[in-house]
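Residue-level listing of the chains:
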Amino acid sequence: MFAMPKNQCHIQDCTRSVATLCYCCQKNVCSKHFNEHIEVIKGQLHPLVEQRNELAEKVHNLKIEQLTDKAYEDLDQWRTGIYKMIDDIYSKKRKEIEQSVQINEALFVKHKNEQLEKIEKVKLDLEQLISQDDATADQIRELKSSLQIIEMNLAVFQRQFIVVQTRLWDVDLVQIQSGLNMNFVNSIGQRKQKQQAGGMSYAHQELEEDF
Ligand SMILES: [Zn+2]
Ligand SMILES: [Zn+2]
């Protein structure tokens, strides 16, 4: 960039002499360009009016119901989603139960037959002792023990055949809070002001936000 005479307008291709320092662009400009700049600045007023009007209408039309409705909508949407998720999990787990039953069906039959055999043996032993009208304490103890073992096996088998473990979600899955109560919107602006006003310690800020 070649040096311009000090008293020449700084707008490109303008050879007029400087009239003033234009505040908007920080350049020495001639009166013509100064007036042009003033017009440009004034020209920004009308769009500002429109912008303000639009904003005013937005604020006027703001209703608490709109904000509340949105919250209910969000919650409903969450419910629909989680219902669907639960239905999906339910179907999937039903299939898993079916598969598990198929895999273990043979074991079930085997276990059942074994226990039936044992029970049949106890029956025969009992019938024999009754027909003989005689039994020792040891024989009674042995029969009792056999029955107990069968009973225990049955309980364990029933408990272990298919185990469904479920976990309940708690209400914390959904949290309702207002950013206003957390000084969400207000504190941002205030913090900026404070920082501009000249550094404030973090602890101090925290205290101040806690109103
Ligand atoms: Zn200017
Ligand atoms: Zn000029």
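Keep in mind the model is a prediction, meaning the values are calculated, not measured.

(A) Geometry of the coordination of the zinc ion (ligand 1). Distances from the zinc ion (ligand 1) to its protein donors, namely Cys 22 (SG), Cys 24 (SG), Cys 25 (SG) and His 37 (ND1), fall within the range 1.7 to 2.5 Å. Given four donor atoms and angles of 85 to 117° at the metal, the environment of the zinc ion (ligand 1) is assigned as tetrahedral. Every donor residue of the zinc ion (ligand 1) comes from the same chain, spaced as C-x1-C-C-x11-H.

(B) Structural view of the nonpolar core. Membership of the largest hydrophobic core is limited to six residues, which are Cys 9, Ile 11, Cys 14, Cys 22, Val 29 and Cys 30. Ignoring sequence-local partners within four residues, the contact set of Ile 11 consists of Val 29, His 33 and His 37.

(C) Here's a closer look at a nonpolar patch on the surface. On the surface, a nonpolar cluster with roughly 880 Å² of combined accessible area is contributed by Leu 75, Trp 78, Tyr 83, Met 85, Ile 86, Ile 89, Trp 169, Leu 173 and Ile 176. Tracing the backbone shows Trp 169 in the loop between helix 4 (137–161) and helix 5 (184–198). What makes Trp 169 partly exposed here is its relative accessible area of 42%.

(D) Local environment of helix 3 (residues 64–132). The largest bend in helix 3 comes to about 50°, at Asn 104. Check the buried side of helix 3 and you find it contacts helix 4. One or two steps after helix 3, the chain reaches Asp 133, where phi turns positive at roughly 50°.

(E) Expanded view of the coordination of the zinc ion (ligand 2). For the zinc ion (ligand 2), the full set of protein donor atoms is Cys 9 (SG), Cys 14 (SG), Cys 30 (SG) and His 33 (ND1), at a range of 1.9 to 2.3 Å. Geometry at the zinc ion (ligand 2) is tetrahedral, judged from the four donor atoms that bind it and their angles of 103 to 112° at the metal. The sequence motif formed by the donor residues of the zinc ion (ligand 2) is C-x4-C-x15-C-x2-H. Assigned by exposure class, Cys 30 and His 33 land together as buried.

Reading guide: rules and limits
- Residues numbered from 1 in each chain as written.
- Chains lettered and ligands numbered in written order.
- Predicted model: local features only at pLDDT ≥ 70, side-chain atom pairs only at ≥ 80, totals over all residues.
- Heavy atoms only, no water.
- Donors = N, O, S within 2.8 Å, 3.2 Å for Na, K, Ca; no water.
- Tetrahedral: all angles 85-135°; square planar, octahedral: opposite > 155°, others 65-115°.
- Core = buried A, V, L, I, M, F, W, Y, C linked by side-chain atoms within 4.5 Å.
- Buried < 20%, exposed > 50% of the residue type's maximum accessible area, 1.4 Å probe, protein only.
- Contact = heavy atoms within 4.5 Å.
- Patch = residues over 30% accessible without salt bridge, like charges linked within 9 Å, V, L, I, M, F, W, Y side chains within 5 Å.
- Areas by Shrake-Rupley, 256 points an atom, 1.4 Å probe, with all protein chains shown as cover.
- Salt bridge = Lys/Arg side-chain N within 4 Å of Asp/Glu carboxyl O.
- Helix = DSSP H or I, 4+ residues; strand = E, 2+ residues; numbered from the N terminus.
- Bend = angle between axes of the 7 residues up to and from the residue.

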